[in-house]
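# Structural description and commentary
Each chain is listed here by its residues.
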Amino acid sequence: MKPFLVALRFLTRFPVSWNSPTDEEVGRSMLYYPLVGLLMGLPLAALAWALGEGVLAAALIVTAWVLLTGLLHMDGLADTADAWIGGLGDRERTLEIMKDPRCGPAGVTALILLVLVKFAAVFELLALTGGWMALILAPLLGRAAILPLFLLTEYVRSAGMATLLARHLPRRGAWLVTAGVALAVVILGGMAGVWALAGAALVFLLGRAWMVHRLGGTTGDTAGGLIELVEAGVLLAVVLALQ
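Residues numbered from 1 in each chain as written. Predicted model: local features only at pLDDT ≥ 70, side-chain atom pairs only at ≥ 80, totals over all residues. Heavy atoms only, no water.

### Things to note about the overall build of the chain
- Per the secondary structure count, the chain includes 12 helices and 0 strands.
- Ordered by position from N to C terminus, the α and β elements of the chain give α-α-α-α-α-α-α-α-α-α-α-α.
- Rg of the C-alpha trace for the chain: 17 Å, near the compact-globule value of 18 Å for 243 residues, within the 12% margin.
- C-alpha atoms of the chain, sized along the principal axes, occupy 45 × 40 × 30 Å.
- Across the 243 residues of the chain, 48% fall into the buried class.
- The contacts in the chain between residues at least 6 apart in sequence include a share of 77% that link residues at least 24 apart.
- Here the chain has roughly 11,300 Å² of accessible surface; of this, 69% comes from carbon and sulfur atoms. (Helix = DSSP H or I, 4+ residues; strand = E, 2+ residues; numbered from the N terminus. Rg over C-alpha atoms; globule rule 2.2 N^0.38 Å. Buried < 20%, exposed > 50% of the residue type's maximum accessible area, 1.4 Å probe, protein only. Contact = heavy atoms within 4.5 Å. Areas by Shrake-Rupley, 256 points an atom, 1.4 Å probe, with all protein chains shown as cover.)

Below you can see the structure in the form of structure tokens.
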């Protein structure tokens, strides 16, 4: 139970109390990331049902989405964008910029574009039959993407919580969870699920390719940024599938 609570507290702002977890419990917590994504998506879908269509409904849903995470992954995306631009192709400079707590113009621009894309996609989805499903699939697949990322990609930092995740992730269990999530999305989501999975896979492959090319692996910031980008990719894919 504790690994699930570790994942819930780390990824969301749900009120969760815990005792200090062991390193192994931190590593096992990643197995529950998709479940946490599902628990985030359910209230978003309920909010969509309650609010109906319209600009205000889309704005409130995106706001709730951001508040659920406490901007954790958006901070990672902003740091990644600043480092990508400011690093000028140099690995060490890129990693150094990521550690800077200040948000530069590239980071601000990336966040504005992300919110605009999510808002536009949610606005479109609210007017489509079955569009609410994307509000469940996006956070689910966004967090599920972290499992294959850490399975297939070297973690390049030597400290931080993500170091414990990388060191103590149960690899066999992670592969089983990844496969189970993909299968469930296709079976339960139908064609929208297929498109959602395709969108998530495309963003994952492109994002991972950049990480490996520039950094030789991943960091906590790039992992958080990937979650946000996969979510946006899923929303756009489902919009295309349902139109």
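### Some details on the confidence of the model for the chain
- Model confidence for the chain is summarised by a mean pLDDT of 92, while 99% of its residues fall at 70 or above.
- Element-level pLDDT for the chain is lowest in helix α10 (residues 161-168), with a mean of 80, against a maximum mean of 97 in helix α8 (residues 133-144). (pLDDT = per-residue confidence, 0-100.)

### Let's talk about the packing of helix α4 (residues 55-69) against α8
- Two elements in contact, α4 and α8, have axes whose closest approach is 13 Å; the angle formed by their N-to-C orientations is 30°. In terms of axis orientation, α4 runs roughly parallel to α8. Both α4 and α8 take part in a crossing whose hand is right-handed. Each of I61, W65 and T69 in α4 lies in contact with α8, whose residues at this interface are L135, A138, P139 and R143.
- The class makeup of the residues in the contact of α4 with α8 is 5 nonpolar, 1 polar and 1 charged. (Axes fitted to C-alpha atoms, helices over the stretch in contact; angles between N-to-C directions. Parallel < 35°, antiparallel > 145°, perpendicular 65-115°, else oblique. Left-handed = near helix turned anticlockwise from the far one by under 90°. Nonpolar A, V, L, I, M, F, W, Y, C, P; charged D, E, K, R; others polar.)

### Notes on the environment of E154
- Turning to its location among the elements, E154 is positioned in the loop between α9 (146-152) and α10.
- Between the C-alpha atoms of E154 and V212, which are 58 residues apart in sequence, the distance is 8.5 Å.
- With residues up to four places along the chain from it excluded, the contact list for E154 reads G216, G217 and T218.

### Regarding helix α3 (residues 33-51)
- End to end, α3 covers 27 Å across 19 residues, agreeing with the expected 27 Å (1.5 Å per residue, within 8%).
- Three or more residues of α3 are buried, namely Y33, P34, V36, G37, M40, G41, L44, A45 and A48.
- Looking at the residues trailing α3, positive phi occurs at G52, about 80°. (Expected span 1.5 Å × (residues − 1).)

### Things to note about unusual backbone geometry
- Not every positive phi belongs to a glycine, and L71 is a case in point at roughly 65°.
- Tracing the chain through its elements places L71 in the loop between α4 and α5 (72-86).
- Owing to a relative accessible area of 43%, L71 belongs among the partly exposed residues under this scheme.
- Despite not being glycine, L88 shows a phi value in the positive range, around 55°.
- Assessed through its relative accessible area of 70%, L88 is described here as exposed.

### Examining the packing of aromatic side chains
- All told, the structure shown has 3 aromatic pairs when counted by the stated rule.
- Ring geometry for F150 against Y155: centres 6.0 Å apart, planes inclined by 20°, an arrangement best described as stacked.
- Taking the relative accessible area as the measure of exposure, Y155 reaches 15% and is therefore buried.
- Taking NZ or CZ as reference, K118 lies 4.4 Å from the ring centre of W65, over its face. (Phe/Tyr/Trp six-rings, centres within 6.5 Å; stacked < 30°, edge-to-face > 60°. Lys NZ or Arg CZ within 6 Å of the ring centre and 35° of its normal.)

### Quick notes on a nonpolar patch on the surface
- Residues V186, M191, V194, W195 and L240 make up a contiguous nonpolar surface patch of about 450 Å² in total accessible area.
- Counting residues per element, the nonpolar patch draws most heavily on helix α11 (residues 171-215), which supplies 4 residues.
- Along the chain, the position of W195 falls in helix α11.
- Classification of W195 by relative accessible area gives partly exposed; the value is 36%. (Patch = residues over 30% accessible without salt bridge, like charges linked within 9 Å, V, L, I, M, F, W, Y side chains within 5 Å. Salt bridge = Lys/Arg side-chain N within 4 Å of Asp/Glu carboxyl O.)

### What to know about the pattern of salt bridges
- This structure, assessed with the given rule, holds 7 salt bridges.
- Between K99 and E96 there is a salt bridge, and its shortest N-O distance comes to 3.6 Å.
- Overall, K99 belongs to the exposed group, its relative accessible area being 53%.
- Between D100 and R102 there is a salt bridge; the shortest N-O distance is 2.8 Å.
- On the accessibility criterion, D100 (24% relative accessible area) is partly exposed.
- Beyond isolated ion pairs, a larger network of salt bridges with shared partners links K118, R143, E228 and E231.

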